[in-house]
Amino acid sequence: SIPVLLGIGNHETITPKTREEFLTHFSGWLAAPRAPGRAPPAPARHAYFDAVVRGIAIVNMDNATLDEFNAEQLAW
């Protein structure tokens with residue numbers, strides 16, 4: 001009954017690990033329900049998300065690598 005929201009960290013992108021590997025491995029967790037009225041990002045394509053848990057809005061952005069926030073994430 002405790003919600004778990006998974007976010008990527010820089011330790012998931014240190015060689016030999018990659019963002020793609022993280023997204024593929026955890027795609028089921030990343031496809032969890034999002035904030036009302038917003039469609040979830042395509043599974044295994046994004047590590048950023050928003051959610052509302054018990055009335056609290058949670059926004060998790062992905063800046064785990066040096067490219068920081070990409071254009072797609074900023075537009076979102």
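Here's what I pulled together on the structure shown here.

Criteria and cut-off values
- Residues numbered from 1 in each chain as written.
- Predicted model: local features only at pLDDT ≥ 70, side-chain atom pairs only at ≥ 80, totals over all residues.
- Heavy atoms only, no water.
- Phe/Tyr/Trp six-rings, centres within 6.5 Å; stacked < 30°, edge-to-face > 60°.
- Buried < 20%, exposed > 50% of the residue type's maximum accessible area, 1.4 Å probe, protein only.
- 1 Å grid on protein atoms, 1.4 Å probe; cavity = no way out; pocket = protein on both sides within 12 Å on 5 of 7 lines; lining within 4 Å.
- Points joined across faces, edges and corners; volume = space filled by probe spheres on them.
- Helix = DSSP H or I, 4+ residues; strand = E, 2+ residues; numbered from the N terminus.
- Nonpolar A, V, L, I, M, F, W, Y, C, P; charged D, E, K, R; others polar.
- Core = buried A, V, L, I, M, F, W, Y, C linked by side-chain atoms within 4.5 Å.
- Contact = heavy atoms within 4.5 Å.

Counted by the stated rule, this structure contains one aromatic pair. Taking 5.1 Å as the distance between ring centres and 45° as the angle between the ring planes, the aromatic pair formed by Phe22 and Phe26 counts as tilted. Here Phe22 falls in the buried class, since its relative accessible area comes to 4%.

Estimated volume of the largest pocket: approximately 150 Å³. Around the largest pocket sit 13 residues that line it, and Arg19, Arg45, Tyr48, Asp62 and Asn70 are the ones nearest its centre. When contributions to the lining of the largest pocket are tallied by element, the ones reaching two or more residues are helix H1 (19-25) and helix H3 (71-75). Sort the elements by how many residues they give to the lining of the largest pocket and H1 lands first, with three residues. Taken together, the residues of the lining of the largest pocket break down into three nonpolar, three polar and seven charged.

The next thing to look at is unusual backbone geometry. The general pattern is negative phi for most residues beyond glycine and trans for most peptide bonds. Following Thr15, the chain continues to Pro16 via a peptide bond in cis, the omega torsion being 15°. By the secondary structure assignment, Pro16 is in the segment before H1.

In this structure, Ile8, Phe22, Leu23, Leu30, Ala47 and Ala64 together form the largest nonpolar core, which totals six residues. With residues near it in sequence (within four places) discarded, Phe22 still touches Leu6, Gly7, Ile8, Glu12, Leu30 and Ala47.

So yeah, pure geometry; function would need other evidence.
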